[in-house]
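Report on the structure
For reference, the chains in residue letters:
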Amino acid sequence: MIRAARADELERLRGIEFAAGEIFRSRGMDAIADDEPLTVTELALFQTRGGALVFADASDVPVAYLLLEHLDGNAHVEQLSVHPSHARRGLGGGLLDAAEKWAQVQGLAWLTLTTFRDVPWNAPYYRRLGFEELDPDMLDDGLRGIVECEGLVGLSRWPRVAMRRRVGSIPTSTRKPWKPSASRWGTSAR
């Protein structure tokens, strides 16, 4: 079930992000796996504004989450993390669909995000879900600022891209489910 995150769940969201980040070690990206998740205070900013969504299991415990914010007149996905124990079940896609509904209610035209270009569970995954890569000259000021900040903190050691998907462009009823391959990946928009 997808719902808004509650204040008492924010520490759990940090644990989900930490666990999801571990898979980056398999690509030699230990610095990403070691990166500290957002603080409870930072997560609370998203949660109090209604921009923190969780996918909760049958016991109503979050196993995945997505953070959204307004940026350049669009809905920007700041973070998407799925705990590895629940990966490859469509939770990330479901959260992105919920983010799209959030954006529609807000009257926003696009979902945007930044991610690693060559990490299979990053840009290639988002392409399968209807996102397109943006050329650097297509970035609005806010998205350009995020890309620049990511470079300043060292994320540009690995190629990064900004991506977007038009809100309402892919009806959820016609989306084809993602077929998993033999390997397991956690999903993270890092």
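Attention here is on the structure that accompanies the text. All of these numbers come straight from a predicted model, not from anything done at the bench. (Residues numbered from 1 in each chain as written. Predicted model: local features only at pLDDT ≥ 70, side-chain atom pairs only at ≥ 80, totals over all residues. Heavy atoms only, no water.)

What to know about the pairing of strand 7 (residues 160-166)
By the criterion of burial, strand 7 is predominantly enclosed, with six of the seven residues buried. Note: strand 5 (residues 110-116) against strand 7, seven bridges, orientation antiparallel. The partner of Trp110 across the bridge, within strand 7, is Arg166. Relative to strand 7, strand 6 (residues 132-134) runs antiparallel, the two sharing three bridges. Bridge assignment links Glu132 to a residue of strand 7, and that residue is Arg164. (Buried < 20%, exposed > 50% of the residue type's maximum accessible area, 1.4 Å probe, protein only. Helix = DSSP H or I, 4+ residues; strand = E, 2+ residues; numbered from the N terminus. Pairing = 2+ DSSP bridges.)

Focus on the packing of aromatic side chains
Two aromatic rings are characterised by how far apart their centres lie and by the angle between their planes. In this structure the tally under the stated criterion is five aromatic pairs. Ring geometry for Tyr126 against Phe131: centres 5.7 Å apart, planes inclined by 75°, an arrangement best described as edge-to-face. Seen from the ring of Phe116, Arg160 lies directly overhead, with NZ or CZ sitting 4.3 Å from the centre. The residue whose ring lies beneath Arg164 is Trp110, and the NZ or CZ to ring-centre distance is 3.9 Å. (Phe/Tyr/Trp six-rings, centres within 6.5 Å; stacked < 30°, edge-to-face > 60°. Lys NZ or Arg CZ within 6 Å of the ring centre and 35° of its normal.)

Here we look at the packing of helix 1 (residues 10-21) against helix 3 (residues 40-48)
Between helix 1 and helix 3, the shortest axis-to-axis distance is 9 Å and the interhelical angle comes to 110°. The angle between helix 1 and helix 3 falls in the class roughly perpendicular. Judged by residue contacts, Leu10, Glu11, Leu13 and Arg14 of helix 1 engage Val40, Leu43, Ala44 and Gln47 from helix 3. (Axes fitted to C-alpha atoms, helices over the stretch in contact; angles between N-to-C directions. Parallel < 35°, antiparallel > 145°, perpendicular 65-115°, else oblique. Contact = heavy atoms within 4.5 Å.)

Focus: helix 1
An α-helical turn contains 3.6 residues, so a residue and the one three or four places further along point in the same direction. Along its 12 residues, helix 1 runs 17 Å from first to last C-alpha, staying within 8% of the 16 Å computed at 1.5 Å per residue. Within the span of helix 1, buried status applies to Leu10, Leu13, Arg14, Ile16, Glu17, Ala19, Ala20 and Gly21. Tucked inside the fold, the buried residues of helix 1 contact helix 2 (30-34), helix 3, strand 2 (52-56), strand 3 (62-71) and strand 4 (74-82). (Expected span 1.5 Å × (residues − 1).)

Section: the nonpolar core
Ranked by internal contacts, the top residues of the largest apolar core, which has 27 residues, are Leu66, Leu68, Leu96, Leu111, Tyr126 and Phe131. Secondary structure elements with two or more residues in this core: strand 3, strand 4, helix 4 (91-106), strand 5, helix 5 (123-128) and strand 7. In terms of residues, this core owes the most to one element, helix 4, which gives seven residues. Among the nonpolar cores identified, the runner-up in size contains 10 residues, and Leu10, Phe46, Val54 and Tyr65 belong to it. (Core = buried A, V, L, I, M, F, W, Y, C linked by side-chain atoms within 4.5 Å.)

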